[in-house]
Amino acid sequence: MPATKIIKLSIENPDAGKIKEAAEALRGGGLVAFPTETVYGLGADALNAGAVQKVFKAKGRPSDNPLIVHIASLENIHQFASLVSEKGLQLARRFWPGPLTLVFHRKKIVPDIVTAGLETIALRVPDHPVTLELLRQFGGGIVGPSANVSGKPSPTSAEHVYNDLNGKIDLIIDAGPAKIGIESTVLDVTADPPIILRIGGLSREDIEKEVKEVHWTNETEILRRSPGTRHRHYAPRAYVILFPPADEEKFRKYIRQNKEQLKKIGSITYSKELAGIERSSFHLSLESSIEHIAKNIFGALRELDRQNLDVILIESVEEKGLGAAVMDRLRKAAFHNG
Ligand code: TXA
Ligand code: MG
């Protein structure tokens, strides 16, 4: 495939004419990376099995990991889902467009390859004017896994997408950096109470304000309902060590120990207590608001991964609100530590 074309669009004032080209590419069975408020997605026509097959191939994604279908609005649920529960509808009304993916029973019209053979379908209305216009012009559902090569962090900018997928896809719509920076929360509403399969851009606390109870903890049940979650998640090449928020003593200790062993150390911190410490050969300091951390963490990990480090020290965040999703991703990044 020739080099991938990039279309730049302003999020405030998207040019509908330019979006037409992307809608046509999708209609022709092409692959188009699109912006969302969470991360960039890799789009194809959800009802075209051949196009969806190309998505798996471009990402190098295992075929038993199902895809989310993006839709323009609530009314499109019934095109793909059957037996939609009242609670599912209530959550969709409350949080769409937004960073919540809902898992429903599926209709037969959905090709098996999209759901990896499962009897359920994951749907989401993204909160992004450019992609909502693309969905309206295209007039159907668009599959959208994160637009990274499998095993890399999800892309939060068009540049990340380009670095991973140039030459493998037709188009990238560049609308600047993603607002949230962490993938959507995946909630299975075929169960009651609903089950969180992946914590993400919408917090458990916010969901529980709307429906009294959600379930979270049972790993076996998550695996049964979402087989794709067993695949290895992104982890940098370097050995990742997480340390508690603002723990200056631990941070200094890890730096000292690793320096003694002549390790090349990278670090990511947020709190001002740690700002002045002589730290490591490659340091990234993010502002301490959880929104800023979420928005920049995947980009920071990509940057550190380019530095050929032995060890990466990462400050943990408090596990509430969006912090739960950030910690989930950081733990996965550190998982190979055993
Ligand atoms: O924010 C997001 O969700 C982004 C943007 C582009 O919308 N997309 C994204 O897609 O992160 P992906 O494919 O990287 O992650 C989708 C997650 C996977 O964990 C997958 O296993 C789960 O959703 N999933 C998809 N369909 C499912 C289904 N029918 N049942 C259970 N889990 C499902
Ligand atoms: Mg992904």
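Here the structure is a predicted model, which means the values were calculated and not measured. For every chain, the first residue of the written sequence is number 1, and numbering continues from 1 onward in sequence order. Just so you know, chain letters begin at A and ligand numbers begin at 1, following the order they were written in. Side-chain atom pairs in this predicted model are given and counted only at pLDDT of 80 or more, local residue features only at pLDDT of at least 70, and totals for whole chains, interfaces and linings cover all residues. Only heavy atoms go into the side-chain values, all of them from the structure, while hydrogens and water stay out.

Visitor: Would you explain the overall build of the chain in this entry?
Guide: A run of H or I in DSSP becomes a helix once it reaches four residues, and a run of E becomes a strand once it reaches two; helices and strands are each numbered from the N terminus. Across its full length, the chain carries 12 helices and 15 strands. Computation of the radius of gyration draws on C-alpha atoms alone. For the globule rule, the value is 2.2 Å times the number of residues to the power 0.38. The globule rule puts the C-alpha radius of gyration for 338 residues at 20 Å, and the 20 Å found for the chain is close to it. In terms of overall dimensions, the chain has C-alpha extents of about 60 × 50 × 35 Å along its principal axes. For the chain, with 338 residues in total, the buried portion stands at 55%. A separation of at least 24 residues holds for 68% of the contacts in the chain among residues at least 6 apart in sequence. Every accessible area reported is derived by Shrake-Rupley at a probe size of 1.4 Å, with residue values counting cover from the shown protein chains alone. When the accessible area of the chain is evaluated, it comes to approximately 14900 Å², of which 50% is carbon and sulfur surface. Under the scheme applied here, a residue whose accessible area is under 20% of the maximum for its type counts as buried, over 50% as exposed, and between as partly exposed, the area being computed with a 1.4 Å probe on protein chains only. Only heavy atoms matter for contacts: two residues are in contact if any of them lie within 4.5 Å across the pair.

Visitor: Honestly, the sheet that holds strand 13 (residues 265-269) in this entry has me stumped. Any pointers?
Guide: Read from one edge to the other, the open sheet built from 4 strands follows the order 12-15-13-14, with strand pairing classed as parallel. If you trace the sheet from one side to the other, it starts and ends with strand 12 (239-243) and strand 14 (282-285), each paired once. Taken over all neighbouring pairs, the strand axes of this sheet differ in orientation by 15° on average, direction set aside. Pairing between two strands is assigned when DSSP locates at least 2 bridges connecting them. Of the strand pairs in this sheet, strand 13 and strand 14 are connected by 4 bridges, and their pairing is parallel. In the sheet register, Ser267 faces strand 14, and the bridge partner there is His283. For every element, the axis is a line fit to its C-alpha atoms; helices are fit only across the contacting stretch, and the angle between N-to-C directions ranges from 0 to 180 degrees. Here helix 11 (residues 290-305) sits on the sheet and contacts strand 13, strand 14 and strand 15 (311-315); the angle it forms with strand 13, its principal contact strand, is near 170°.

Visitor: How do you make sense of the site of ligand 1 when you look at a structure like this?
Guide: Whether a residue is near a molecule or strand is decided by its heavy atoms; if any one of them lies within 4 Å of it, the residue is near. Around ligand 1, the structure places 26 residues, and the nearest of them are Thr38, Arg61, Asn65, His70 and Ser184. In protein, a polar contact requires one atom able to donate a hydrogen and another able to accept it; more generally it is a pair of N or O atoms within 3.5 Å, and residues adjacent in sequence count only if both atoms are side-chain atoms. The separation between an oxygen atom of ligand 1 and a polar side-chain atom of Thr38 is 2.6 Å. A distance of 3.1 Å is found between a nitrogen atom of ligand 1 and a side-chain nitrogen or oxygen belonging to Thr120. For ligand 1, whose accessible area on its own is 680 Å², the fraction buried by protein is 96%.

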